[in-house]
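Here's the letter readout for the chains.
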Amino acid sequence: MNILKHLRDHFVPDARNNYTPHVLRHRSLSLFAGLMISVKLLSLFSLDLLPQNQALSSSVSAGNILELTNFSRQAYGLKALQNNVLLEKAAQAKAEDMLKNQYFSHNSPGGALPWDFIKAQGYNYIIAGENLAINFYNSESLENAWMNSPGHKANILNHDFEDIGIGVAQGTYKGNKAILVVQMFGSSADQPIQTKVAYSELKQFASMPSIAVPTPSRIALAAPIIAGSDFKLTNQKTYQVHGYAPEASAIYIVVNNIPQQKLSVVDGEYRGEISLSEGANKITAISFNDQNQASALAKSINIQLDSVAPTVQASVQPVISNGEQQYVVEARAPNNVTKIIATLGDQNIMLQPGANPEIWTGTFVGSSAELQGGLAVKSYDLVGNAKVNVIASFNDSVKSSYGFLAQKDYKVNVLGKNYSIKAINNLYIYFVLFMLTALILAVAVKRKVQHLGLIAHASGMIMVAMLLWLT
C-alpha cells in the first residue's frame, strides 16, 4: 500500500502533496533537465572522442557528396569539379519536383527532361549529365553505389565535365520517408549545344560480330600462322591479331568458333583488330587464295579477357596501440587481387595479406584532427584492372556527422558500451510521453485546483525535450 501511496503522490495531485505531483515539482524538473542535457552532451562528446564513429559515415548533404565525388575523380587522376550555383539550383529544383510529383526518373511525368531544369536556371552547356539516388542515409554508401553503376560512374568520371550541382530533398515518397538526391554535371558555354551524355543506363557488351565464310573448292594451302604466345591474359576488349598466310589473298579470323573478321593478306602477312568476349577466347584462322582454295585451320591461341575490376569489401576500425590512436583498414579480397592501396587525405599505405590470403590490412596512425578527408581503397588485379571503394569520411566537425533527426545509425561509446544514437534520441520521445501523461493527470484530476506555474514549467520541459530530440 505504501508503494501505491508513493506512486499516487508522484503523479496525482492531492492535499497530501499540496496538489503538486512530485514528478512536476521544480526540483524534479531541474533533475530531469540536467539528465537530458547530460545525455545529449555525452552523446556528442562520445562522437568527438571516438572519431571512428564519424569515420563510419557522413550525412547525406550536398557538401559531403561533393567531397566524395571529387575524391573519386582524384583517385582516377581527374581534376575536381567546381560547385556551380546554377546547377545546384537546377538539381534542387529537380529533387523537389520528384518529391512533389511522386516520381523517380530522369524524365518527369509532364515530359520535362533533366536539361530543361538546367536551362531554366540559365546554365548554358555544351555537355551535361544527371545522376539520381533515393533512400541512402549516408554519403559513402551513396557514392559507392554510383561508382558501382557503369552509367553513374561514367558521369562522375567524365573528364569533359567541369561543374557540378547537388540537390537533396527529404519528405514522403509513395507513403514512406525518403531522401532524394540529384547530381547535375555540366560544362558551360555561351550558347547551349544539344550534346548530352547517357545519364544512368547500364550498358551491355555488344554481341560478337560474325561473318560468312565461303565454301572452299579444295584444301590446298598451308595452314596460316597466328603470331604471339599461345596464351595471353588481358583487360583490353580488342586484340591486334597478326600472322602469316603463305600464298593466300585473304584470311578469316575465327573466335570461339565464330568467324569474326576477314583480313587481307599482303606479301604473305596479315594484320587486323578483333573483338574479344569476357572470359576465354579461342582464336584460330583459315586462309583462302583467289581460286577459292583454302587452308587447314591455324593452330589456335587463347586470349583470356578480364575487364572487370576486382570487388573488395573494406572497413575501418579504431584501436589504441602504445598510447597512439590508430585506424586499421581491413579489406576482404578475391584471390586475383595483387595490390591494395588505402588512401586517406594525402596519405597512402599499402595493405598486406595475412595468414588468410583473402584478408588484407594496413594501419593509419593519428587522431581524427590529424587524419582528415575521404578514406578509400583501390584494388588491382593481375591484368591491372583497378577499382576504388570509398569507405569513410574523416571530419573534425561533429555537426557534419551528427545530422538532423539522427538519420544515420551511429554508435556512441558510453562507459565502455556502444549505443545507437537513434536509441538515445528515442529517450527524449519517451520522456515527452511521460511528461504529457503526468501533466494531463495533474490537470484532469483536480481541475478546480491548478498551479499555473507547474503547468508552464512542465510545458517548457516538454519543449526542451523536443528540441533535444530534433538536434
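Residues numbered from 1 in each chain as written. Predicted model: local features only at pLDDT ≥ 70, side-chain atom pairs only at ≥ 80, totals over all residues. Heavy atoms only, no water.

(A) Up close: the overall build of the protein. A tally of regular secondary structure across the protein gives 11 helices and 24 strands. Expressed as a percentage of the 471 residues in the protein, the buried residues total 44%. At a minimum sequence separation of 6, the contacts of the protein that also span at least 24 residues come to 68%. A total accessible area of about 24000 Å² is found for the protein, and carbon and sulfur atoms account for 56% of it. (Helix = DSSP H or I, 4+ residues; strand = E, 2+ residues; numbered from the N terminus. Buried < 20%, exposed > 50% of the residue type's maximum accessible area, 1.4 Å probe, protein only. Contact = heavy atoms within 4.5 Å. Areas by Shrake-Rupley, 256 points an atom, 1.4 Å probe, with all protein chains shown as cover.)

(B) The arrangement of a nonpolar patch on the surface in detail. A contiguous nonpolar patch, built from Val39, Leu427, Tyr430, Leu433, Leu436 and Ile440 and spanning about 560 Å² of accessible area, is present on the exposed surface. With five residues, the single largest contributor to the nonpolar patch is helix 10 (residues 421–445). Its place among the elements puts Ile440 in helix 10. (Patch = residues over 30% accessible without salt bridge, like charges linked within 9 Å, V, L, I, M, F, W, Y side chains within 5 Å. Salt bridge = Lys/Arg side-chain N within 4 Å of Asp/Glu carboxyl O.)

(C) Structural view of helix 4 (residues 62–75). Taking 1.5 Å per residue as the helical rise, helix 4 with its 14 residues ought to reach 20 Å, and the 20 Å between its terminal C-alpha atoms agrees with that figure. Within helix 4, the full set of buried residues consists of Asn64, Ile65, Leu66, Leu68, Thr69, Asn70, Phe71, Ser72 and Arg73. A positive backbone phi angle near 75° is found at Gly77, which sits one or two residues after helix 4. (Expected span 1.5 Å × (residues − 1).)

(D) Up close: the environment of Pro114. Tracing the backbone shows Pro114 in helix 6 (residues 114–120). Assessed through its relative accessible area of 1%, Pro114 is described here as buried. Expressed as a C-alpha distance, the spacing of Pro114 and Met184, which sit 70 residues apart in the sequence, is 8.4 Å.

(E) Examining the pairing of strand 20 (residues 359–365) more closely. As paired strands, strand 16 (residues 324–332) and strand 20 are joined by seven bridges and run antiparallel to one another. In the sheet register, Gln326 faces strand 20, and the bridge partner there is Val365. Examined bridge by bridge, strand 19 (residues 352–353) and strand 20 share two bridges and lie antiparallel to one another. If you follow Gln352 over to strand 20, its bridge partner there is Thr361. In this structure, the hairpin formed by strand 19 and strand 20 is closed by a connection of five residues. (Pairing = 2+ DSSP bridges.)

(F) Looking closely at helix 11 (residues 452–470). With 19 residues, helix 11 extends 27 Å from end C-alpha to end C-alpha; this agrees with the ideal 27 Å at 1.5 Å per step. By the burial criterion, the buried members of helix 11 are Leu454, Ala458, Met461, Ile462, Ala465 and Leu468. Buried residues of helix 11, viewed axially, fall in a sector of 125°; they line one side. Relative to its buried face, helix 11 has exposed residues pointing more than 90 degrees away, namely Leu452, Met463 and Leu467. (Arc of directions from axis to C-beta.)

(G) Region of the structure containing the side chain of Asn131. Considering the arrangement of structural elements, one finds Asn131 in strand 2 (residues 125–134). Residue Asn131 is classed as buried on the basis of its relative accessible area of 0%. Side chain to side chain, Asn131 and Asn155 meet in a polar contact 3.0 Å long. (Polar contact = N/O pair within 3.5 Å; in protein donor to acceptor, adjacent residues only side chain to side chain.)

Geometry only, nothing functional implied.
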